[in-house]
Amino acid sequence: MKRAFSGLALVALTAVAALPLAAHAQFAKVEDAIKYRQSALSLMGAHMGRVGAVVKGQRPYDKAAVEADVTIIEMMSRLPWSAFPPGSDANTKAKPEIWSDQEKFQAASEKMQAEVQKLSAASRTGDLAQIRTAFGAVGQSCKACHDNFRNR
Ligand code: ASC
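Remember, predicted model here, so these are calculated numbers, not experimental data.

A. Molecular detail of the packing of helix H2 (residues 30-55) against helix H3 (residues 63-77). Relative orientation of the contacting elements H2 and H3 amounts to 150°, with a least axis distance of 9 Å. For the element pair H2 / H3, the angle class is roughly antiparallel. For the crossing formed where H2 meets H3, the hand is left-handed. Of the residues in H3, those in contact with Ala40, Leu43, Met44, His47, Met48, Arg50, Val51 and Val54 of H2 are Val66, Asp69, Val70, Ile72, Ile73, Met76 and Ser77. A per-class count over the contact of H2 with H3 returns eleven nonpolar, two polar and two charged.

Now the structure itself:
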């Protein structure tokens, strides 16, 4: 029993220790990584669109609904970044700069996540003006990354 536990513990410890290094190894195939990141960004875009409609006055403001949308945006904003393994630009809009300028790409992803955090805080105030401002900043951070790292 003791032996079995030690073996399991070693496997668990090794797995945890390897996590930051092996983010890409989560995906068996490059196509799986592409699908994963595109799915997260697509869901993020869908929920940005819903909040965008409220911000533009095309849909009535409902605090709980916006908070729910922003919760999803926040979760999705964390997901794409482990899913850009080298070589995963083939047949996608991903620019080679994602891999040749990784620091800048990472900074852009962190900027976007930081702006999403502010949108999350704004959504909890119930103040549509604050939500509008924060939403604009998130959109700008999306655009900045697309301009630099995504082909049209
Ligand atoms: C969105 C969305 C994007 C960005 C981008 C900002 O809502 O789906 O891709 O904002 O349009 O310019």
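B. Inspection of the pattern of salt bridges at higher detail. For the structure shown, the criterion picks out five salt bridges. We note a salt bridge from Glu74 to Arg78, for which the minimum N-O separation is 3.5 Å. Between Lys143 and Asp147 there is a salt bridge, with its nearest N and O atoms 2.8 Å apart. In this pair, Lys143 and Asp147 are both assigned in helix H6 (residues 128-149), four residues apart and thus about one turn of the helix distant. Connected via shared salt-bridge partners are Lys111, Glu115 and Lys118.

C. Seen up close, helix H5 (residues 102-125). Between its terminal C-alpha atoms H5 stretches 35 Å, which fits the 34 Å expected from 24 residues at 1.5 Å a residue. Along H5, the residues that are buried comprise Phe105, Ala108, Ser109, Met112, Gln113, Glu115, Val116, Leu119, Ser120, Ala122 and Ser123. Next to the buried residues of H5 lie H2, H3, helix H4 (97-100) and H6. Just past H5, the residue Gly126 takes up positive phi, approximately 80°.

D. Structural view of the layout of surface pockets. If you add up the space inside the largest pocket, you get close to 520 Å³. Arg37, Leu41, Phe84, His146 and Arg150 are, among the 22 residues lining the largest pocket, the residues nearest its centre. Elements supplying a minimum of two residues to the lining of the largest pocket: H2, H5 and H6. The greatest single-element share of the lining of the largest pocket, amounting to seven residues, is contributed by H2. When its residues are assigned to classes, the lining of the largest pocket shows 13 nonpolar, six polar and three charged. The wall of the second largest pocket is formed by His24, Trp81, Phe84, Ile98, Trp99, Gln102, Phe105, Gln106, Ser109, Glu110 and Gln113. For the lining of the second largest pocket, the secondary structure elements donating two or more residues are H4 and H5. Looking at the lining of the second largest pocket, the element that brings in the most residues is H5, giving six residues. Residues of the lining of the second largest pocket, tallied by class, amount to five nonpolar, five polar and one charged.

E. View of the site of the ligand. Every residue lining the ligand is accounted for by Gly45, Met48, Gly139, Cys142, Lys143 and His146. Taking 310 Å² as the accessible area of the ligand by itself, protein coverage stands at 56%. At the level of secondary structure, the elements contributing two or more residues to the shell around the ligand comprise H2 and H6. Looking at which element gives the most residues to the shell around the ligand, the answer is H6, with four residues.

Cut-off values and rules
Residues numbered from 1 in each chain as written. Predicted model: local features only at pLDDT ≥ 70, side-chain atom pairs only at ≥ 80, totals over all residues. Heavy atoms only, no water. Axes fitted to C-alpha atoms, helices over the stretch in contact; angles between N-to-C directions. Helix = DSSP H or I, 4+ residues; strand = E, 2+ residues; numbered from the N terminus. Parallel < 35°, antiparallel > 145°, perpendicular 65-115°, else oblique. Left-handed = near helix turned anticlockwise from the far one by under 90°. Contact = heavy atoms within 4.5 Å. Nonpolar A, V, L, I, M, F, W, Y, C, P; charged D, E, K, R; others polar. Salt bridge = Lys/Arg side-chain N within 4 Å of Asp/Glu carboxyl O. Expected span 1.5 Å × (residues − 1). Buried < 20%, exposed > 50% of the residue type's maximum accessible area, 1.4 Å probe, protein only. 1 Å grid on protein atoms, 1.4 Å probe; cavity = no way out; pocket = protein on both sides within 12 Å on 5 of 7 lines; lining within 4 Å. Points joined across faces, edges and corners; volume = space filled by probe spheres on them. Near = heavy atom within 4 Å. Areas by Shrake-Rupley, 256 points an atom, 1.4 Å probe, with all protein chains shown as cover.

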